[in-house]
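# Topology and contacts: notes
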Amino acid sequence: MAGVNKVILVGHLGKDPEVRSFENSNDPSRPNKVAKFSLATTETYKNKEGVKTDATEWHNIVVRRGLADVVEKYLKKGQLVYIEGKIKTRTYEKDGQTRYITEIETENMTMLGVKRDGESRDMAPESPDTQSPPEPLKDEGDDLPF
């Protein structure tokens, strides 16, 4: 049986996307694009002492071609998005050492949150560089029975 490499994430952008264009050998008038951004997914649970605790994971998202155009035009820091894709690990050299980075190669994306008048656009947890605990996304109430 063949393996399955499928990722589904719902989270907030940690920063505005970085978009790069490069020459398209098939159509020089329409360059290829790649967009990259960090995505925060936060899980809220009760620890052994019954205290609500947040655990945030940061994901490196890569979006290519036409979907990168959508990202460039519409996505900003803090927006809630649904991402489907594949986990990819790549290597690169820096200062003579081999480094590894794991990214999510996006195949499908849906914008879930839209900024309303009067709301702050900065709804996401702080970037991983600041390392301060994020605000909970919403209060879920009681624990589920399973």
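Sequence order as written defines the numbering, with residues in each chain counted from 1. Owing to the predicted nature of the model, reporting of local features is limited to residues with pLDDT of at least 70; listing and counting of side-chain atom pairs is limited to 80 or more, with chain, interface and lining totals taken over all residues. Side-chain descriptors were evaluated using all non-hydrogen atoms of the structure, hydrogens and water having been removed beforehand.

### Re the pairing of strand 5 (residues 80–94)
- Pairing analysis gives six bridges linking strand 1 (residues 7–13) to strand 5, with the strands arranged antiparallel. Bridge pairing in strand 5 places Val10 opposite Tyr82.
- Strands pair, by our definition, only if DSSP identifies at least two bridges between them. Numbering goes from the N terminus for both helices and strands, where a helix is a DSSP run of H or I of at least four residues and a strand is a run of E of at least two. The pairing of strand 5 with strand 6 (residues 97–111) spans 14 bridges and is antiparallel. Note that in strand 6 the partner of Tyr82 across the bridge is Thr110.
- What sits between the antiparallel neighbours strand 5 and strand 6 is a turn of two residues, in which Asp95 has the positive phi angle 55°.

### Comments concerning unusual backbone geometry
- Phi is positive for Arg65, close to 55°, though the residue is something other than glycine.
- For Arg65, the position within the fold is in helix 1 (residues 65–74).
- Its identity is not glycine, yet Asp95 carries a phi of approximately 55°, on the positive side.
- When you line up the elements, Asp95 lands in the loop between strand 5 and strand 6.

### Notes on the pattern of salt bridges
- Should a side-chain nitrogen of Lys or Arg be within 4 Å of a carboxyl oxygen of Asp or Glu, the pair is scored as a salt bridge. With the rule as written, the count across this model stands at eight salt bridges.
- In this structure, the salt-bridge partner of Lys33 is Glu72, at a minimum N-O distance of 2.4 Å. Of this pair, Lys33 sits in strand 3 (residues 32–46) while Glu72 sits in helix 1, and the two are 39 residues apart along the sequence.
- Relative accessible area serves as the criterion here: at 17%, Lys33 is assigned to the buried category.
- Exposure classes here rest on a 1.4 Å probe applied to the protein chains alone. A residue is buried below 20% of its type maximum, exposed above 50%, and partly exposed in between. Accessibility expressed as a relative area gives 37% for Glu72, which makes it partly exposed.
- The shortest N-O distance in the salt bridge between Glu103 and Lys36 comes to 3.9 Å. Within this pair, whereas Glu103 is found in strand 6, its partner Lys36 is found in strand 3, the two being separated by 67 residues in sequence.
- On the basis of relative accessible area, Lys36 is assigned to the partly exposed category, the value being 27%.

### Focus on helix 1
- Restricting attention to buried positions, one finds in helix 1 the residues Ala68, Asp69 and Val71. In an axial view of helix 1, the angular spread of the buried residues amounts to 165°, which keeps them on one side of the axis.
- Considering only its buried residues, helix 1 is in contact with strand 3, strand 4 (52–64) and strand 6. Taking the helix axis as origin, the arc is that swept by the directions to the C-beta atoms. In this analysis, two residues are considered to be in contact whenever any of their non-hydrogen atoms come within 4.5 Å of each other.

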